[in-house]
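# Summary of the model geometry
This is what each chain is made of:
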Amino acid sequence: MNNSCILSLLLVMLCMNFSKAQSSHPNILFIHVDDLGYHDLSCTGSDIYQTPAVDQLAAEAIAFEQSYSSYPRCTPSRYGLITGTYPVNEDHGQVSKISKEKNFVYWLNEAGYETGFIGKWHLGGGANAPQGFGFDYSFAAGAAGGTGSRFYPFNTEKNSKREKAEIPDVETYGKEGDYLSDLLTSATIDFIKNRKADEPFFAMLSFYSVHTPLESKPEDEKRNQAEIDAYDFGDGPEYIPEGAGRRKMRQDDAAYAGMVENMDENVARLIKLLDDMGIADNTIVVFSSDHGALSNGGSRWKRHLASTNLPLKAGKGWLYEGGIRVPLFIRWPGQIKPRQEKESIVLGMDVMTTLLDLALGRKMQGIDGESFKSVIEGKASWNDRTVFWHSRKARPHSTGDPKTSAVRSGNYKLVHFFEEDRVELYNLKEDIGENNDLAKAQPEKTAELMGVLKNWKKQYLVPTKLNRKKNKKGKKKAKGKKN
């Protein structure tokens with residue numbers, strides 16, 4: 001072979017390699033925080049919690065102001081996120097039985113991704129753990145909903161004899177002195193570093209923080225306590241009555257503040273890793289939360305509350321804005337133009353199919369969620385969308401909330417306390433704090449949205465499943481009983 005032929009062959013091979021590199025799919029890093037409220041970040045309005053790394057991420061991302069979880073509690077909201085469906089029958093959900101067409105991990109694996117889930121899963125163990133859903137790698141994930149302690153040994157709950165699901169892997173991976181959020185971040189870094197270099201990755205880090213127990217590093221708590229002591233909260237009450245209990249009105253817990261800020265430090269570690277590896281420009285980074293912060297207590301005891309979601313109303317467990325509105329930032333340098341998206345209404349059940357659409361040009365089929373890629377690209381606005389919530393798992397003793405359904409359509413939101421058959425109506429564009437109930441002043445709008453909600457419930461709720469529990473006399477509840 002002469003020199004010209006060798007040169008031509010080398011040029012062809014170079015072009016082939018360049019084409020392959022250019023057509024490679026982006027990596028995806030999803031950072032999910034447990035119980036983090038919409039206003040628990042300095043970039044969304046907190047004066048107490050300092051979150052410079054997340055603030056910077058938000059500034060470089062499309063930041064959604066009208067983003068919601070699919071449910072105001074941990075397990076159902078995660079089910080909605082992972083499956084792309086309304087979690088209305090979540091008691092009967094088996095993620096291992098989700099069909100391939102509805103499973104985003106299946107499509108990522110098919111496209112050559114190495115997929116890993118690190119942290120809080122809370123959707124079951126065994127066949128329903130992350131690897132049963134299709135993830136290649138799983139760490140510290142399973143049925144556990146929380147940790148016994150934030151400090152090693154993590155599965156030992158202080159001053160308690162309660163038996164609870166243990167977090168796997170962390171006891172053998174960790175050592176004395178380790179803090180759980182730091183350890184989970186290190187495990188995520190190890191996954192990204194140790195993957196096959198020629199394969200894109202999907203890594204989801206799901207912190208067990210900032211859920212209870214409220215335990216921060218001593219130095220973080222001490223620093224925040226000094227800042228809180230120096231802050232003027234004014235003359236407003238520390239708590240107000242709400243539902244069956246009370247609502248916290250101040251961000252004044254130093255341990256919680258330390259947990260939020262430790263989370264932020266770990267986000268900084270992950271962003272630095274992407275920069276150091278030279279893969280930041282080819283990595284989609286997502287940051288969000290499962291629902292609002294723990295701001296409400298119930299009737300049984302005056303439980304220690306973590307934060308407030310002000311100016312949003314209520315918090316975890318409630319279908320008011322404080323319980324379901326969450327931060328959502330999506331960064332992809334050079335591909336997604338940084339901006340605040342103030343109008344479009346998106347839910348957790350939309351996120352995974354959107355990521356598939358961005359990375360692969362593919363959408364999950366047969367689900368309730370929709371890809372908002374067109375919103376990200378500035379080609380559409382979802383400001384007139386209609387979305388729903390249904391919360392049967394009331395916890396009046398714990399978080400004070402009654403059984404509730406809700407519908408948001410455009411600017412209007414209707415909240416139906418269905419056991420009491422009580423209705424409230426709000427215009428969120430004018431009243432983000434849901435302080436001015438318009439149900440009596442606007443009876444036509446109230447009736448219209450009640451009809452929309454009833455039609456949705458008739459379509460989505462499965463009475464034979466929802467009402468199969470026996471009553472006190474041992475008889476089954478009537479099928480099709482109206483809520």
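All of these numbers come straight from a predicted model, not from anything done at the bench.

### Some details on the sheet that holds strand E17 (residues 422–427)
Strand pairing in a sheet is mediated by backbone hydrogen bonds. Such pairs are either parallel or antiparallel. Read from one edge of the open sheet, four strands run E14-E15-E16-E17, paired in antiparallel fashion. This sheet does not close on itself; its edge strands, each paired only once, are strand E14 (386–391) and E17. Neighbouring strand axes in the sheet, compared pairwise and without regard to direction, differ in orientation by 10 degrees on average. Sheet analysis places strand E16 (residues 412–417) next to E17, joined by six bridges and oriented antiparallel.

### Quick notes on the packing of helix H2 (residues 52–59) against helix H9 (residues 254–277)
Relative to each other, H2 and H9 sit at 55 degrees, their axes nearing to 7 Å. With respect to each other, H2 and H9 are oriented oblique. Counting all contacts with H2, which are made through Pro-52, Ala-53, Val-54 and Leu-57, the residues of H9 involved are Met-263, Asp-264, Val-267, Ala-268 and Ile-271. Looking at the contact of H2 with H9, its residues break down into eight nonpolar, no polar and one charged.

### Concerning the side chain of Asp-40
Following the sequence through the fold, Asp-40 ends up in the loop between strand E1 (27–33) and H2. For Asp-40, the side chain forms a polar contact with the side chain of Tyr-256, separated by 2.5 Å. A polar atom in the side chain of Asp-40 sits 3.0 Å from the side chain of Ser-307. Setting aside its immediate chain neighbours within four residues, Asp-40 contacts Asp-35, Ser-46, Tyr-49, Thr-51, Gln-251, Tyr-256, Val-260, Ala-293, Ser-307 and Thr-308.

### Topic: empty space enclosed by the protein
Within this structure, the stated rule accounts for two cavities of 30 Å³ or more. Space inside the largest cavity adds up to approximately 120 Å³. Around the largest cavity, the lining comprises 17 residues; the ones closest to its centre are His-32, Leu-81, Ser-288, Ser-289 and Gly-348. Looking at the lining of the largest cavity, the elements that each hand over two or more residues are E1, strand E3 (67–68), helix H3 (74–83) and strand E9 (283–289).

### A word on the pattern of salt bridges
When their charged atoms lie close together, side chains carrying opposite charge are able to pair. Throughout the structure, instances matching the rule amount to 24 salt bridges. Its salt-bridge partner being Asp-276, residue Lys-272 comes within 2.7 Å of it at the nearest N-O pair. Within this pair, Lys-272 and its partner Asp-276 are both found in helix H9, separated by four residues, close to a single helical turn.

### Thoughts on helix H8 (residues 218–229)
Spanning 12 residues, H8 covers 16 Å between terminal C-alpha atoms, matching the ideal 16 Å at 1.5 Å per step. Listing the buried residues of H8 in full gives Asp-220, Asn-224 and Ile-228. Seen along its axis, H8 keeps its buried residues to an arc of 65 degrees; they face one direction. The outward face of H8, more than 90 degrees from its buried face, is lined by the exposed residues Pro-218, Lys-222 and Asp-229.

### Topic: the sheet that holds E9
Strands sit in the order E5-E4-E6-E1-E9-E11-E2-E12 across an open sheet of eight strands; the sheet is mixed. The outermost strands of the open sheet, each flanked by one partner alone, are strand E5 (137–139) and strand E12 (339–341). Adjacent strand axes in the sheet meet at a mean angle of 10 degrees when their direction is disregarded. Note: E1 against strand E6 (residues 201–206), five bridges, orientation parallel. Within E6, the position partnered with His-32 by the bridge is Ser-206. The strands touched by helix H11 (residues 351–360) within the sheet are E1, E6, E9 and strand E11 (328–331), with E1 carrying the most contacts at an inclination of about 160 degrees.

### Regarding the nonpolar core
In terms of nonpolar packing, the biggest core is built from 57 residues, with Leu-184, Met-263 and Phe-287 touching the most fellow members. Counting only elements with at least two residues in this core, the list comes to E1, H2, helix H7 (180–194), E6, H9 and E9. At 12 residues, H9 tops the list of elements feeding residues into this core. Sequence-distant contacts of Met-263, that is, excluding residues within four places in its chain, are made with Val-33, Leu-36, Leu-41, Val-54, Phe-207 and Phe-287. By size, the runner-up hydrophobic cluster in this structure holds 41 residues, among which are Phe-30, Val-105, Ile-336 and Val-346.

Definitions and cut-offs
Residues numbered from 1 in each chain as written. Predicted model: local features only at pLDDT ≥ 70, side-chain atom pairs only at ≥ 80, totals over all residues. Heavy atoms only, no water. Pairing = 2+ DSSP bridges. Helix = DSSP H or I, 4+ residues; strand = E, 2+ residues; numbered from the N terminus. Axes fitted to C-alpha atoms, helices over the stretch in contact; angles between N-to-C directions. Parallel < 35°, antiparallel > 145°, perpendicular 65-115°, else oblique. Contact = heavy atoms within 4.5 Å. Nonpolar A, V, L, I, M, F, W, Y, C, P; charged D, E, K, R; others polar. Polar contact = N/O pair within 3.5 Å; in protein donor to acceptor, adjacent residues only side chain to side chain. 1 Å grid on protein atoms, 1.4 Å probe; cavity = no way out; pocket = protein on both sides within 12 Å on 5 of 7 lines; lining within 4 Å. Points joined across faces, edges and corners; volume = space filled by probe spheres on them. Salt bridge = Lys/Arg side-chain N within 4 Å of Asp/Glu carboxyl O. Expected span 1.5 Å × (residues − 1). Buried < 20%, exposed > 50% of the residue type's maximum accessible area, 1.4 Å probe, protein only. Arc of directions from axis to C-beta. Core = buried A, V, L, I, M, F, W, Y, C linked by side-chain atoms within 4.5 Å.

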